[in-house]
Amino acid sequence: MLPTRQHRQAVQAVCRVRDPGCVITDVPSVTDAVLVLLSDPVDLMVVDMGFAGDMLGVLQHHARRSAPRAKVALFSTEPLCASNAATGDLSQGHPWSDMETILDRLLQDA
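Let me begin by describing the structure that accompanies this report. Here the structure is a predicted model, which means the values were calculated and not measured. Residue numbers restart at each chain and count upward from 1, following the sequence in its written direction. Per-residue local features are limited, in this predicted model, to residues with pLDDT of at least 70; the limit for side-chain atom pairs, both in listing and counting, is 80 or more; totals at the level of whole chains, interfaces and linings are taken over all residues. Water and hydrogen atoms play no part in the side-chain values, which are based on all heavy atoms of the structure.

1. Points about the overall build of the chain
(1) Moving on: Each helix and strand counted, the chain has six helices and three strands in total.
(2) Moving on: Counting from the N terminus, the helices are DSSP H or I runs at least four residues long and the strands are E runs at least two residues long. In sequence order, the secondary structure elements of the chain are arranged as α-α-β-α-α-β-α-β-α.
(3) Moving on: For every residue, the accessible area obtained with a 1.4 Å probe (protein chains only) is divided by the maximum for its type, and the residue is called buried under 20%, exposed over 50%, and partly exposed between those limits. Expressed as a percentage of its 110 residues, the buried residues of the chain come to 35%.
(4) Moving on: In this description, contact between two residues means that some pair of their heavy atoms is separated by no more than 4.5 Å. Taking the contacts inside the chain whose residues are at least 6 apart along the sequence as the reference set, 66% of them involve residues at least 24 apart.
(5) Moving on: Here the accessible surface of atoms and residues is derived via Shrake-Rupley with a 1.4 Å probe, and residues count as covered only by protein chains that are part of the display. Per element, the accessible surface of the chain, about 6900 Å² overall, is 50% carbon and sulfur.

Written out as structure tokens, the structure reads:
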């Protein structure tokens, strides 16, 4: 779930370079993301935290239950709190500027 076409295209480009055979499912809402989690295998989920809003917890819950091995990359357009960034607490999400590095690392580990 990504907020803009530019974000979607950037994520798709990184994923396709790293894994040319990957299947990318772009969903417009948390509800649709949960339905995908319930019906299809998912290895990596990329979510803009602002776009998910108050439903982020629901999405994370379903991801843990339906795709426990899936990696989840949370991104935020909001700046990270300096203390969170320093301690590695990324529950507030990664900045979009780190998207390529984060996805490359997660896809490499898959």
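2. Side note on helix α2 (residues 30-39)
(1) Moving on: Among all positions in α2, only V30, A33, V34, V36 and L37 are buried. Take α2 and look down its axis: the buried residues cluster within an arc of 160°, on one side only. Exposed side of α2, more than 90 degrees from the buried face: T31, L38 and S39 are the residues found there. Note that the arc is defined by the directions from the helix axis to the C-beta atoms.

3. Some remarks on the sheet that holds strand β3 (residues 94-95)
(1) Moving on: Taken together, the three strands give an open sheet; going across it, the order is β1-β2-β3, and neighbouring strands pair in parallel fashion. Either end of the sheet is taken by a strand with one partner, and the two such strands are β1 (44-48) and β3.
(2) Moving on: Any two strands with at least two DSSP bridges between them are considered paired. Relative to β3, strand β2 (residues 71-76) is paired through two bridges, and the arrangement is parallel. Following the sheet pairing, S76 is matched in β3 by P95.

4. Regarding the environment of A73
(1) Moving on: Of note, A73 is situated in strand β2.
(2) Moving on: Between the C-alpha atom of A73 and that of M99, which follows or precedes it by 26 residues, the distance is 8.7 Å.
(3) Moving on: In this structure, A73 is in contact with M45, V46, V47, I102, L103 and L106, ignoring residues within four places of it in sequence.

5. Considering the nonpolar core
(1) Moving on: L37, V42, M45, V47, L56 and L59 are the most contacted members of the largest nonpolar core, which totals 17 residues.
(2) Moving on: At the level of elements, α2, β1, α3 (49-52) and α4 (56-66) are the ones that each hand at least two residues to this core.
(3) Moving on: Formed by 13 residues, the second largest nonpolar core is a distinct cluster that contains C15, V46, W96 and I102. As used in this record, nonpolar core signifies buried Ala, Val, Leu, Ile, Met, Phe, Trp, Tyr and Cys residues forming a set joined through side-chain atoms within 4.5 Å.

6. Considering the side chain of D48
(1) Moving on: Inspection of the secondary structure assignment puts D48 in strand β1.
(2) Moving on: Here Asp and Glu are counted as negative and Lys and Arg as positive; His is not counted, and neither are the chain ends. Salt bridges are counted wherever a side-chain nitrogen of Lys or Arg sits within 4 Å of a carboxyl oxygen of Asp or Glu. Buried within the structure, D48 lacks any salt-bridge partner; R8 is the closest side chain of opposite charge, at an N-O distance of 9.9 Å.
(3) Moving on: Two N or O atoms form a polar contact when they lie within 3.5 Å of each other; inside protein one atom must be a possible hydrogen donor and the other a possible acceptor, and for residues adjacent in sequence the pair counts only when both atoms belong to side chains. At 3.0 Å, the side chain of D48 and the backbone nitrogen of G50 are in polar contact.
(4) Moving on: Reaching out from D48, the side chain makes a polar contact with the side chain of W96 at a distance of 2.7 Å.

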